[in-house]
Amino acid sequence: MSKRAERRQRQAEKLKKSMRNALYPGILGLILLVLGCIGIFQNITEYNDFKNTENALSVPAEVTYAELKSVKREFDTEYNYYNATVKYTAEGKEYSGKLDHLNEVPAREFHRLKKNVNPGDIIEIDIYKAPNGEYRILGNNSVESTVISSVIPLIGAVVGAFLLVASILYVIWARQDLRKLTQKPANKGNGAAQE
């Protein structure tokens, strides 16, 4: 085997290996794309459930668990809030649910405003009737919050689509180069006309 043929063989092996390695970002991209689409669909469904409900209520709920948390926001300002689990009753049936960012206020004003939440406290919550007949806790279901909560799945879907397309295009390009490498070169004659 000539040196040229050996070099072509090594190049072909490298291309085959790089094609196999290009599948990993493609698979990751497909997974991100699917998860992103599921997240977007779920957010839109929740918003439509709330928007189309005919039965929104304000009911008392008992706090069964409360955890104080803090987060830094704009201008490095710290905010305190509670993540809580509550029990509530609607139309004679008992439900439970989670409340995130309950009583969120700047940390420097937290104790002055007396925003403490403890297990056993009774608080007023807003609920709505879902299409399946059960009552759910009304979150911040404005159009803005739906758009914001869809941003992360949307970014996942876009990045996933990019990785998937880039991987597919790379494999197509690599296959074309592999075909060129594996084809036998045409015999180039000496160019003299035969008599």
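Residues numbered from 1 in each chain as written. Predicted model: local features only at pLDDT ≥ 70, side-chain atom pairs only at ≥ 80, totals over all residues. Heavy atoms only, no water.

Draft legend 1. Focus on the overall build of the protein chain. Within the protein chain one finds three helices and five strands. Burial status across the protein chain gives 28% buried among its 195 residues. Entry remark: accessible area of the protein chain is about 14,200 Å², with carbon and sulfur atoms responsible for 56%. (Helix = DSSP H or I, 4+ residues; strand = E, 2+ residues; numbered from the N terminus. Buried < 20%, exposed > 50% of the residue type's maximum accessible area, 1.4 Å probe, protein only. Areas by Shrake-Rupley, 256 points an atom, 1.4 Å probe, with all protein chains shown as cover.)

Draft legend 2. Representation of the pattern of salt bridges within the structure. A full pass over the atoms with the stated rule returns four salt bridges. The partner of Glu13 in a salt bridge is Lys16, with the nearest N and O atoms 4.0 Å apart. Of the two residues, Glu13 and Lys16 are both situated in helix α1 (residues 3-51); the distance of three residues between them amounts to about one turn of the helix. Its relative accessible area of 41% is what places Glu13 among the partly exposed residues. Note that Lys93 is salt-bridged to Glu134, the shortest N-O span being 4.0 Å. Remark: Glu134 occurs in the loop between β4 (122-129) and β5 (135-137) and Lys93 occurs in strand β3 (residues 93-106); sequence separation between them is 41 residues. In this structure Lys93 comes out as partly exposed when scored by relative accessible area, which is 43%. Overall, Glu134 belongs to the partly exposed group, its relative accessible area being 36%. (Salt bridge = Lys/Arg side-chain N within 4 Å of Asp/Glu carboxyl O.)

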